[in-house]
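Listed below are the residues making up each chain.
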Amino acid sequence: MLDRSRPGQQAEARSSAHHGKRESRHAPADRNHRHTHRATDPSPLDARGSRRARGVHHVGRLRGKRCGVLAPGASAAAERAIAAACAQVDAGTWYTWGGGHGAPSGATYGQVDPTDPASEHDPQRLGFDCSGLVRYAYAQAAGSDILNGDASRQYYTVRAAARYTAAQGTAPLLPGDLLAYGTSADLHHIAVYLGAGRMVEAKQSGTHLMVSDVRLGGDYFGAVRVNTGAVTGHVFNTWGTGVWTKQAPSVAAGRVYAFPGLTTIRVECQKHAEVVTSDGYTNDAWAYLPDYKAWMTNIYIQGLPWLDGVPTCP
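Residues numbered from 1 in each chain as written. Predicted model: local features only at pLDDT ≥ 70, side-chain atom pairs only at ≥ 80, totals over all residues. Heavy atoms only, no water.

1. Thoughts on the overall build of the protein chain
Phase 1 of the analysis: When helices and strands are counted, the protein chain shows five helices and 16 strands.
Phase 2 of the analysis: Among the 314 residues that make up the protein chain, the fraction classed as buried is 54%.
Phase 3 of the analysis: Sequence-distant contacts in the protein chain: of pairs separated by 6 or more residues, those separated by 24 or more amount to 66%.
Phase 4 of the analysis: Of the roughly 13100 Å² that the protein chain leaves accessible, carbon and sulfur atoms contribute 53%. (Helix = DSSP H or I, 4+ residues; strand = E, 2+ residues; numbered from the N terminus. Buried < 20%, exposed > 50% of the residue type's maximum accessible area, 1.4 Å probe, protein only. Contact = heavy atoms within 4.5 Å. Areas by Shrake-Rupley, 256 points an atom, 1.4 Å probe, with all protein chains shown as cover.)

What follows is the structure in structure tokens.
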């Protein structure tokens, strides 16, 4: 049988895709300092949930960290994405748990994170969580909602123009690249690179959107450069829930990432390998997904058992 998530594991996979809610709970810089570094702000909330303290519209500059394009080489679209994110920093917009996942993209009122007392005011504040901010920035840049989803879906986007591992550090990065944190199965935080070792992010409840130093230690996973133009390659949709991609074309191979539901994927090639029987289907064809650096059985890819137009892997 195909290695799919058991019912409890399916729920776990789906939870990571629900409005980025898991992103704030485990952000690398938050894990040990979430409650000790809660933002204290006794000033009253206005009607939109913003504090009326002086200087709130220049949060990105209060610590000498300017929000903007800080290095050469960015595309025009990446510059527009940074401008959109930095405008929210300069406006003093709040982090809100689950914020930024409405329709259309933009700031929304957040939710209370039951694991974090600092989120108690999030339902009264208009703001973004980390993936909500990335979604908004690139929607403004591209003129369409091209990165709707949580941090994992944004990192694994079929719009990847280039990908970089954690081991490569910031050397190959350009402003506008997305920095992801977590594991291949659970990317819980994402931010926009500005250049010069800085990033703009929606970090955690109780804080405004901010400019931070890039955190390369801990669970920094890697970066992706976004293509805002036409999607290239062989693009398909998956079906089913809790279906794991694999390190090799075998059900016994290590797990990489579980699709929480229908997902648009890019297939580089396919090959005949281990026979799989699942959900009433049997097939020995496996597809290689370059954006995940992983394999999945063709059973859960919408289309013919042997995908039309996709070449055979060498």
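From this point on, the discussion continues.
2. Some words on unusual backbone geometry
Phase 1 of the analysis: Residues alanine 103 and proline 104 are joined by a peptide bond in cis, for which omega reads -5°.
Phase 2 of the analysis: For aspartate 279, which is not glycine, the phi torsion reads 50° and is therefore positive.
Phase 3 of the analysis: Relative to the assigned elements, aspartate 279 resides in the loop between strand S14 (269-278) and strand S15 (281-289).
Phase 4 of the analysis: Exposure remark for aspartate 279: the relative accessible area of 42% places this residue in the partly exposed category.

3. Side note on the environment of proline 172
Phase 1 of the analysis: One can find proline 172 in the loop between strand S4 (160-165) and strand S5 (178-183).
Phase 2 of the analysis: In this structure, the C-alpha to C-alpha distance between proline 172 and alanine 223, residues 51 residues apart in sequence, is 9.7 Å.
Phase 3 of the analysis: Sequence-distant contacts of proline 172, that is, excluding residues within four places in its chain, are made with Tyr164 and Arg225.

4. Here's the deal with the sheet that holds strand S1 (residues 94-95)
Phase 1 of the analysis: Overall, mixed pairing links the three strands, which are arranged S1-S3-S2 in an open sheet. Strands with a single pairing partner mark the edges of an open sheet, and in this sheet they are S1 and strand S2 (108-109).
Phase 2 of the analysis: Bridge analysis of S1 against strand S3 (residues 126-128) gives two bridges, and the strand direction is parallel. Directly across from tryptophan 94, in S3, lies its bridge partner glycine 127. (Pairing = 2+ DSSP bridges.)

5. Describing helix H3 (residues 76-90)
Phase 1 of the analysis: For H3, spanning 15 residues, the distance from its first C-alpha to its last is 21 Å, which sits close to the expected 21 Å at 1.5 Å a residue.
Phase 2 of the analysis: Turning to H3, its buried residues are Ala77, Ala78, Ala81, Ile82, Ala84, Ala85, Cys86, Gln88 and Val89.
Phase 3 of the analysis: Residues of H3 that are buried sit in contact with S3, helix H4 (130-142), strand S6 (186-195), strand S7 (198-201) and strand S8 (210-213).
Phase 4 of the analysis: Two residues or fewer after H3 comes glycine 92, characterised by a positive phi angle close to 75°. (Expected span 1.5 Å × (residues − 1).)

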